[in-house]
Protein chains: 4
Amino acid sequence: MTSPTATLLISCPDQKGLVAKIANFIYANGGNIIHADQHTDFEAGLFLTRIEWLLEGFNLPREVIGTAFNAIAQPLNAKWELHFSDTVPRIAIWVSRQDHCLLDLIWRHRAKEFTAEIPLIISNHPHLKTIAEQFGIDYHHIPITKENKLEQEAKQLDLLHQYNIDLVVLAKYMQIVTSDFIQKFPQIINIHHSFLPAFIGANPYHRAFERGVKIIGATAHYATTELDAGPIIEQDVVRVSHRDDVEDLIRKGKDLERVVLARAVRLHLQNRVLVYGNRTVVFE
Amino acid sequence: MTSPTATLLISCPDQKGLVAKIANFIYANGGNIIHADQHTDFEAGLFLTRIEWLLEGFNLPREVIGTAFNAIAQPLNAKWELHFSDTVPRIAIWVSRQDHCLLDLIWRHRAKEFTAEIPLIISNHPHLKTIAEQFGIDYHHIPITKENKLEQEAKQLDLLHQYNIDLVVLAKYMQIVTSDFIQKFPQIINIHHSFLPAFIGANPYHRAFERGVKIIGATAHYATTELDAGPIIEQDVVRVSHRDDVEDLIRKGKDLERVVLARAVRLHLQNRVLVYGNRTVVFE
Amino acid sequence: MTSPTATLLISCPDQKGLVAKIANFIYANGGNIIHADQHTDFEAGLFLTRIEWLLEGFNLPREVIGTAFNAIAQPLNAKWELHFSDTVPRIAIWVSRQDHCLLDLIWRHRAKEFTAEIPLIISNHPHLKTIAEQFGIDYHHIPITKENKLEQEAKQLDLLHQYNIDLVVLAKYMQIVTSDFIQKFPQIINIHHSFLPAFIGANPYHRAFERGVKIIGATAHYATTELDAGPIIEQDVVRVSHRDDVEDLIRKGKDLERVVLARAVRLHLQNRVLVYGNRTVVFE
Amino acid sequence: MTSPTATLLISCPDQKGLVAKIANFIYANGGNIIHADQHTDFEAGLFLTRIEWLLEGFNLPREVIGTAFNAIAQPLNAKWELHFSDTVPRIAIWVSRQDHCLLDLIWRHRAKEFTAEIPLIISNHPHLKTIAEQFGIDYHHIPITKENKLEQEAKQLDLLHQYNIDLVVLAKYMQIVTSDFIQKFPQIINIHHSFLPAFIGANPYHRAFERGVKIIGATAHYATTELDAGPIIEQDVVRVSHRDDVEDLIRKGKDLERVVLARAVRLHLQNRVLVYGNRTVVFE
């Protein structure tokens, strides 16, 4: 599918005829649906859907699609997002000292596993500057201390605006971002190096070792104002044994972190993730 | 969802408006869709969908739904099946000497993991008769030899008709069913104790051991006239190591066989499996 | 290996020559080691080993092996257990209303997946009595209330002694056993229906659903006086998605619970589990 | 464990006293064993062991350890290898057009996940030269055709000798190496992009798609003169569905290939892999 597509992500109270009404809107305007998926949460009485269709042959110019669809959405009390596959989102990757998630995202970007631009890397340490230079990405070293956190977050926010960033990826940033910042810039994906909700907070691998678990995991989730409690996008696990010391858990965990974060970022960029309450629907 | 539902499984050449046309058919007749999923195989130019809706409040009496939908299906060159959730399919389980898959299916049936009747067990050995008696299931011992295979298959076929069987589950039957039989009764799910297409044919665990694989698997598939080559419904795997001898592989494999076969039977009974070519689409 | 074996489980402060000293003890007495495995926890400075050898051809009569080995163990400050493969341990299975773990253990016992006797089932409900009768196992219905818990636990303890029980398996017993009881009878394996330490306590599947996790798990561990915090023997997981409601999680979880508990019981009965601190070494 | 260690990999016909004799050899010379593991293949009547001990405090100078141990090994008909942890093996990575396995190995090397030198990259294509330059590794472009294969293999062999290469890693080399070459240089690890023995040979992902499997895998194995039939070191798998087209299988497979190859290389470099017959014992 190289020709550009439009994608609608919709959630609304469940009722009869939703699939028909939405599909008719596409069909009546000459659209060819290439992907449609929906889910009904019967407890919540909520209908959620993702519809993607070819813009080629679609009779509505893209700038009016939103207005036109709104006429259908409003009576349904629907929340919706409209995305175009040829609009390239801009990502800022935040890192600390570890490079594995950063390098992995950059490699996947170059391998065209997802469509985005990565113009900006922000770090509280200078260590990964050379990687940024090597790939021609701007690197801003913004050291964080208890004292300067708020003013530094102001700088970070300025940079996100200045670079027109759509998504922040916390690729092992190892710092807590304040609720205030998250409220101002909510589009943040974080990788947590445990199988949440196990081992919330710091040093999950050390605590996993102490607890003697037989499986460790990693979790990619949207950052919310409550630490490590945001909607989970993706998780994966790997077996460990008594032969694995903390260093082994860290090493094995890195492979999980790379893959889980990359999957989550890709799903998000393909507009396959719909958040409701503190949960996600992932239309794979 | 206790109130009865209707489910349409449809496949047809891809074209514009399919989702709309099918959804409109349900909506126009007052149906409330509770599950809809579709898939397009762009290489094959094929559209496949599963739609399930509540019969309660649906304006068409069930006996005319098929005729009514056919008016839509024919111009689309669509193949379709219509199922009702309150029609209880009848299963015959074919076994040999091993009881683990049989007991597992019976337990899940009693635990209401799937809706079906199990009136008949057929075996080429007498060993599991007591299990059949214990659960009040008719047990027919039909020993198979090279010489008597065809006449015995005739008896088996008679029994399937006599008991109005909809689905045969080969729960470690360990016998090759002839192409002729399969053509006469195509609704057969088999569990193969390897990760197909690896180790097609006999003694997969012994051959897995000899090959020194680090992972073994099991595969549930529809039986076709070509041995172990039918459409795969479900597969799963488990790690093994040099410490596992053939007996360990067999023991670990049994756990896979039970779960993989049960999942496949459940998906089939819920009309979630659509076969095209030699592949399946599983609408989970 | 049908001929009987002896197994030593040993843990002691790490020092030079431990492997040699222990292996020499077996060899000097004509023993043929068929399985030897060891692990050193360098942080804890602890050496742990499991050695199994054929009794056939071993020059020490089994009743003096312990005394003889003690002469080596004492100067090493070693803790050790000695087990004989032809001593059949006696298991009491404690259940509540759910039968899947009970039936699974009984099936594996009959399938000779582990060697043990199962003379006793204890339950706080009458529901599973028929299963006990069907397999000729004594069933004691001991209802538990806040008020009668202590006296009922006294009855339970009497039964364990009366039946010479070596191991209690909590196969979805769904009741908290008091610290006092556990101190009196510490050999207890519990299956917890979550990926511990996630969702400690009650209703883990409901809480997993609320949290929107993408993977659920089950954990088999030794019961300790701290709830759900005992040494973990085995864990496993399965993927779930937004399409799975709480009932689906429970159904998928049952398959995990059966397999994880069975693996843990088997490992324990084969004397492959060595506990130190709150961790286990599992010599597979 | 930063202080250097010696490791013995031993295989010999099973008999009494092997553990004692080998452990005594270490202990008698003042060695402190930090890792010992063994396995007995009772069908083959073969005993296999790996013993690692600290050189610090060991009374034999390393140049005579082999001779001294041989006195024990010969009467036992033992095959053995002796390795020192501070001898850094030299790796040549062979690639074609794809970079993911190459970059992954380089990243892990820099992250110190394994100890080795990577002085040489050989490719039948020029594409990855820039990566080699970027990391200061010599890159030799040796194009292969049906006609020139033998003479080019002669060049490749010269380079391996010239660079004192201990191990060749075929990191998606996509060319068949001749039996003649493998006999001259047997230390070769290959990554095959399927769950062997499924889909031996070319285009496994396309064939996996055609077969409609629900799980795909990758296999790291030693190259032998029979294509894709060498001893398997490591395998892993990932779930796929009808929604995954061939490109998705290739993308998901890359993540498997990276991890599986890296694990195998690491295990080999840590001298944890013992080959016998066409199988491996992996002492993890």
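Residues numbered from 1 in each chain as written. Chains lettered and ligands numbered in written order. Predicted model: local features only at pLDDT ≥ 70, side-chain atom pairs only at ≥ 80, totals over all residues. Heavy atoms only, no water.

Let's talk about the overall build of chain A
Logical step 1: From N to C terminus, chain A includes eight helices and 13 strands.
Logical step 2: Across its three principal directions, the C-alpha atoms of chain A cover 60 × 40 × 35 Å.
Logical step 3: Counting across all 284 residues of chain A, residues that qualify as buried make up 61%.
Logical step 4: Within chain A, contacts between residues at least 6 apart in sequence are counted, and of these 66% link residues at least 24 apart.
Logical step 5: Per element, the accessible surface of chain A, about 11,300 Å² overall, is 52% carbon and sulfur.
Logical step 6: Charged side chains in chain A number 29 positive and 33 negative. The centres of these two groups are separated by 4 Å. (Helix = DSSP H or I, 4+ residues; strand = E, 2+ residues; numbered from the N terminus. Buried < 20%, exposed > 50% of the residue type's maximum accessible area, 1.4 Å probe, protein only. Contact = heavy atoms within 4.5 Å. Areas by Shrake-Rupley, 256 points an atom, 1.4 Å probe, with all protein chains shown as cover. Lys, Arg positive; Asp, Glu negative; His and termini not counted. Charge placed at Lys NZ, Arg CZ, Asp CG, Glu CD.)

Section: the environment of His141 of chain B
Residue and element names in this part refer to chain B.
Logical step 1: For His141, the location among the structural elements is in strand E7 (residues 138-141).
Logical step 2: The spatial distance from the C-alpha of His141 to the C-alpha of His127 is 9.2 Å, given a sequence separation of 14 residues.
Logical step 3: A polar side-chain atom of His141 sits 3.4 Å from the main-chain carbonyl oxygen of Asn124. (Polar contact = N/O pair within 3.5 Å; in protein donor to acceptor, adjacent residues only side chain to side chain.)

Considerations on the interface of chain D and chain B
When the parts come together, some accessible area is lost, and that loss is often what is quoted as the size of the interface.
Logical step 1: Contact with chain D, which involves 34 residues of that partner, is made by 34 residues of chain B.
Logical step 2: Buried area between chain D and chain B, summed over both chains or domains, comes out near 3,100 Å², and the portion from carbon and sulfur atoms is 50%.
Logical step 3: Joining chain D to chain B, the criterion identifies six salt bridges.
Logical step 4: Salt-bridge contacts for Glu234 of chain B lead to Arg239 of chain D; the nearest nitrogen and oxygen are separated by 3.1 Å.
Logical step 5: Seen at the junction of chain D and chain B, the total is 24 residue pairs in polar contact (both at pLDDT 80 or more).
Logical step 6: Among the elements that line the side of chain D that touches chain B, the one with the most residues is strand E11 (residues 232-239) of chain D, at seven residues.
Logical step 7: Of the residues that constitute the side of chain D that touches chain B, the class distribution is 15 nonpolar, eight polar and eleven charged. (Buried area = accessible area lost by both parts, 1.4 Å probe. Salt bridge = Lys/Arg side-chain N within 4 Å of Asp/Glu carboxyl O. Nonpolar A, V, L, I, M, F, W, Y, C, P; charged D, E, K, R; others polar.)

Quick notes on the UniProt feature "domain: ACT" (unreviewed entry) in chain A
Logical step 1: In the numbering used here, UniProt assigns the feature "domain: ACT" (unreviewed entry) to residues 7-94 of chain A.
Logical step 2: Between the end C-alpha atoms of residues 7-94 of chain A the distance is 28 Å, and the span holds 26% helix and 42% strand. (UniProt positions renumbered as here; feature names shortened; annotations may be inferred.)

Description of the packing of aromatic side chains
Logical step 1: Enumeration over the complete set of coordinates arrives at 22 aromatic pairs over all chains.
Logical step 2: With 5.1 Å between their ring centres and 70° between their planes, Trp94 of chain B and Tyr173 of chain B make a pair best called edge-to-face. Of this pair, Trp94 of chain B sits in strand E5 (residues 90-95) while Tyr173 of chain B sits in the loop between strand E8 (167-170) and helix H6 (179-184), and the two are 79 residues apart along the sequence.
Logical step 3: By relative accessible area, Tyr173 of chain B is classed as buried at 3%.
Logical step 4: Joined through ring pairs, the aromatic side chains of Phe25, Phe69 and Trp80 of chain A make up one cluster.
Logical step 5: One cation-aromatic arrangement involves Arg279 of chain A over Phe209 of chain C; the distance from NZ or CZ to the ring centre is 4.0 Å. (Phe/Tyr/Trp six-rings, centres within 6.5 Å; stacked < 30°, edge-to-face > 60°. Lys NZ or Arg CZ within 6 Å of the ring centre and 35° of its normal.)

Looking at the interface of chain D and chain A
Logical step 1: Contacts between the two partners involve 19 residues from chain D and, on the opposite side, 19 residues from chain A.
Logical step 2: Taken as a group, Trp107, Arg251 and Arg258 of chain D account for 34% of the area that chain D buries against chain A, more than any other trio of residues on that side.
Logical step 3: Between Asp255 of chain A and Arg108 of chain D there is a salt bridge, with the nearest N and O atoms lying 2.7 Å from each other.
Logical step 4: Counting the contacts that link chain D with chain A gives eight residue pairs in polar contact (both at pLDDT 80 or more).
Logical step 5: Those elements that provide at least two residues to the side of chain D that touches chain A are strand E2 (32-41), helix H3 (100-110) and helix H8 (246-269) of chain D.
Logical step 6: Ranked by the residues each element gives to the side of chain D that touches chain A, the list is headed by H8 of chain D, at seven residues.
Logical step 7: Class assignment for the residues of the side of chain D that touches chain A results in three nonpolar, three polar and 13 charged.

Some remarks on the relation of the copies chain D and chain A
Logical step 1: In screw terms, the move from chain D to chain A is a rotation of 180° and a rise of 0.0 Å along the axis, fitting with an RMSD of 0.0 Å. Both copies of the chain, as the preceding transformation shows, are related through a two-fold rotation axis. (Least-squares fit on C-alpha atoms with pLDDT ≥ 70 in both.)

Comments concerning the sheet that holds strand E6 (residues 117-123) of chain D
Residue and element names in this part refer to chain D.
Logical step 1: Taken together, the seven strands give an open sheet; going across it, the order is E7-E6-E5-E8-E9-E10-E11, and neighbouring strands pair in mixed fashion. A strand with exactly one partner marks an edge of an open sheet, and here the two such strands are strand E7 (138-141) and E11. In this sheet, neighbouring strand axes are inclined to one another by 15° on average, regardless of whether the strands run parallel or antiparallel.
Logical step 2: With five bridges joining them, strand E5 (residues 90-95) and E6 adopt parallel strand pairing. (Pairing = 2+ DSSP bridges. Axes fitted to C-alpha atoms, helices over the stretch in contact; angles between N-to-C directions.)

Thoughts on the packing of helix H7 (residues 204-211) of chain B against helix H8 (residues 246-269) of chain B
Residues and elements named next belong to chain B.
Logical step 1: Closest axis-to-axis distance for the H7/H8 pair is 9 Å, and the angle between their directions is 125°. As summarised for this structure, H7 and H8 are arranged oblique, according to the angle between their axes. As for the relative orientation of H7 and H8, their crossing is right-handed in sense. Contacts from Tyr205, His206, Ala208 and Phe209 of H7 reach H8 at Val246, Leu249, Ile250, Gly253, Lys254 and Glu257. (Parallel < 35°, antiparallel > 145°, perpendicular 65-115°, else oblique. Left-handed = near helix turned anticlockwise from the far one by under 90°.)

Concerning the UniProt feature "active site" (unreviewed entry) in chain A
Logical step 1: Sites flagged by UniProt as "active site" (unreviewed entry) map to Asp228 of chain A.
Logical step 2: Looking at the secondary structure, you find Asp228 of chain A in the loop between strand E10 (215-222) and strand E11 (232-239).
Logical step 3: Of the residues examined, Asp228 of chain A reaches a relative accessible area of 7% and is grouped as buried.
Logical step 4: Apart from the residues lying within four places of it in its own chain, the contact partners of Asp228 of chain A are Asn190, His192, Leu196, Ile200, Gly201 and His221 of chain A together with Arg211 of chain C.

Overview of a nonpolar patch on the surface
Logical step 1: Taken together, the side chains of Ile176, Ile200 and Leu227 of chain A present a nonpolar region at the surface, about 260 Å² in accessible area.
Logical step 2: Tracing the backbone shows Leu227 of chain A in the loop between E10 and E11. (Patch = residues over 30% accessible without salt bridge, like charges linked within 9 Å, V, L, I, M, F, W, Y side chains within 5 Å.)

Brief notes about the relation of the copies chain D and chain B
Logical step 1: For the pair chain D and chain B, the superposition axis carries a translation of 0.0 Å, the fit reaches an RMSD of 0.0 Å, and the rotation angle comes to 180°.
Logical step 2: Comparing interface residues between copies, 100% of those in chain D also sit at the interface in chain B, which points to an isologous, same-surface contact.

A few points about the pattern of salt bridges
Logical step 1: In this structure the tally under the stated criterion is 72 salt bridges over all chains.
Logical step 2: The partner of Arg258 of chain C in a salt bridge is Asp104 of chain B, and the shortest N-O contact between them spans 2.7 Å. Here Arg258 of chain C is found in helix H8 (residues 246-269), whereas its partner Asp104 of chain B is found in helix H3 (residues 100-110) on a different chain.
Logical step 3: Assessed through its relative accessible area of 2%, Asp104 of chain B is described here as buried.
Logical step 4: Across the pair Arg50 of chain D and Glu52 of chain D runs a salt bridge whose closest N-O atoms are separated by 3.2 Å.
Logical step 5: Its relative accessible area of 12% is what places Glu52 of chain D among the buried residues.
Logical step 6: Within the structure, one salt-bridge network assembled from shared partners comprises Asp104, Arg108 and Glu113 of chain A together with Asp255 and Arg258 of chain D.

Description of H7 of chain B
All names here are of chain B.
Logical step 1: Within H7, burial applies to Pro204, Tyr205, Ala208, Phe209 and Arg211. An end-on view of H7 places all buried positions within 165° of arc, on one side of the element.
Logical step 2: Looking at the residues trailing H7, positive phi occurs at Gly212, about 70°. (Arc of directions from axis to C-beta.)

Quick notes on the environment of Gly217 of chain D
Logical step 1: Tracing the chain through its elements places Gly217 of chain D in strand E10 (residues 215-222).
Logical step 2: Beyond its immediate stretch of four places on either side in the chain, Gly217 of chain D contacts His193, Ser194, Phe195, Asp236, Val237 and Leu256 of chain D.

Things to note about the pairing of E8 of chain B
In regular strands, side chains alternate between the two faces of the sheet.
All names here are of chain B.
Logical step 1: With burial as the criterion, each face of E8 is covered, one bearing Leu167 and Val169 and the other bearing Val168 and Leu170.
Logical step 2: Direction of pairing for E5 relative to E8: parallel, over a ladder of four bridges. In the strand pairing of E8, Ala92 is matched with Val168.
Logical step 3: Relative to strand E9 (residues 188-192), E8 runs parallel, the two being bridged by three bridges. Its bridge partner lying in E9, Val168 is registered against Ile188.
Logical step 4: Viewed along the sheet, the connection from E8 through H6 into E9 turns out right-handed. (Right-handed = clockwise from strand over helix to strand, strands pointing away.)

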